[in-house]
Structures are given as C-alpha cells and as structure tokens.
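# Commentary on secondary and tertiary structure
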Amino acid sequence: MITPGFVAIWIAWLLAGGSPGPATMGIAGTAMTEGRRAGLAFALGICAGSAAWGIAAALGLSAIMLANVWVFEVIRYIGVAYLGWLAIKALLRALRSDEVALGNPVKGSLGTIFAKGAAIHLTNPKAILSWGSIYAIVAPNDASLAMLLGYFGMLYAGSLLIFIGYAFLFSSARMVSGYRRARRWFDLAFAGFFGVASYKILTVRLS
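Basis of the calculations
Residues numbered from 1 in each chain as written. Predicted model: local features only at pLDDT ≥ 70, side-chain atom pairs only at ≥ 80, totals over all residues. Heavy atoms only, no water. Helix = DSSP H or I, 4+ residues; strand = E, 2+ residues; numbered from the N terminus. Buried < 20%, exposed > 50% of the residue type's maximum accessible area, 1.4 Å probe, protein only. Contact = heavy atoms within 4.5 Å. Expected span 1.5 Å × (residues − 1). Salt bridge = Lys/Arg side-chain N within 4 Å of Asp/Glu carboxyl O. Arc of directions from axis to C-beta.

### A short note on the side chain of Ser-159
The residue Ser-159 is located in helix H7 (residues 145–169) in this model. Given the relative accessible area of 7%, Ser-159 is considered buried. With residues near it in sequence (within four places) discarded, Ser-159 still touches Trp-13 and Cys-47.

In structure tokens form, the structure reads like this:
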C-alpha cells in the first residue's frame, strides 16, 4: 500500500493542506489573536469536517469505482486539474508584491469555534472533490472499501499534522513574522511541487 509514489502524493497532500486558504488562514488568525486553545478548537473542527467528507468519499467511491472503471479516470483527471490550479494560484501569489493577510479570527466559546471550523469543510464542495480525487490518484481501480479506508487513515493523519500544527505555530508571533518574510519563497515552492505532481499524475499509467 505504501509505495514511493504514495509517499510523493502524501507530501503533495500535506503541501495542499498547508498552502494558504480559508482553513489554514482561519486557524492562523484565530491562534494569533485568540490564543492557542481557540486555534486548536478551530483546527479540530476543520479536521472533523474533513473526516466526514473523507469517509463519505471512501464509502461512495468504493462502490462506484468497482462498477464503473471510467469514473476512476474521470476523477483522476479532475485531481490533475486541481493540482494544476493550485500550482497557478501559488505562482500568482508569489508574483504579487502585496502580503497575504492572515484570515479573520473566529471568536466565541470553544464549542462555537469548533462548530464554525467544522462548517468550513462541511459546506465546501471542494473538500469531497479533493478526497475523491486523491483516492482516484493513489488507489488501484479495483480498490476495496478496506483499502480506501486505509488510505483515508494515512491521508487524514497528514491533515491532522498540518491543521493542528498551524494552531501551535501561529500562536507564536515570531512564527507569523517569519512566515510573512518568507511567504514568496513558500509560494514558489508550492507552485513548483504542485506543477510537477500534476504532470507526473497526468503522464503515468496507473495499474
């Protein structure tokens, strides 16, 4: 199950999760202004929403992919397009001269902050598209439900690492300052990695 190709895709998954977006910037802004506990609550809410979509995608794709092999290829190409879009988006961010502002902080009780974090992913159709695409990329076209859930566990561990890591890192003002200074180099690295990953997935023949 764990191959060099999967390791490369797992790293791409980490980079996609860690690149600037509503979830990561929301965690960063909340952790920086409301404190580490609030940032962790928001991150855990996002992880809960992500888990719901990830499991739903595994349950649905397990049956669909076995009955319709062509669906596998369609979703794979959607995944390629998604990685290409991330590469272009990161490159455009790197070329802009303005700083990327951190997201608006989320306020309220820890329960409220958790619920708002979950809502970000539960109301975002891109979340299930991302999970469906990554399954189609890493799994064989005859993947069983058990195999897809195994991939879910490994990929979800990466999501936990990124989102909870953001809550810890961005509760430090020094980390925020360092990120802003190096932001352009991060975005250039993201653009290069996503572009290469998209090309490799597009040109390789999956068994």
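From this point, the discussion proceeds with the structure in view.
### So, H7
With 25 residues, H7 extends 35 Å from end C-alpha to end C-alpha; this agrees with the ideal 36 Å at 1.5 Å per step. Of the residues making up H7, those classed as buried are Leu-148, Tyr-151, Phe-152, Leu-155, Tyr-156, Gly-158, Ser-159, Ile-162, Phe-163, Tyr-166 and Ala-167.

### Let's talk about the pattern of salt bridges
All chains considered together, the criterion is met by one salt bridge. The salt bridge partner of Glu-34 is Lys-107, with a shortest N-O separation of 2.7 Å. Here Glu-34, found in helix H2 (residues 22–34), pairs with Lys-107, found in the loop between helix H4 (69–95) and helix H5 (110–122); they are 73 residues apart in sequence, far enough to count as distant. What makes Glu-34 partly exposed here is its relative accessible area of 34%.

### Points about H5
An ideal rise of 1.5 Å per residue puts 18 Å on 13 residues; H5 measures up with 18 Å between its terminal C-alpha atoms. Within the span of H5, buried status applies to Ile-113, Gly-117, Ala-118 and His-121. Along H5, the residues classed as buried sweep out an arc of 135° about the axis, all on the same side.

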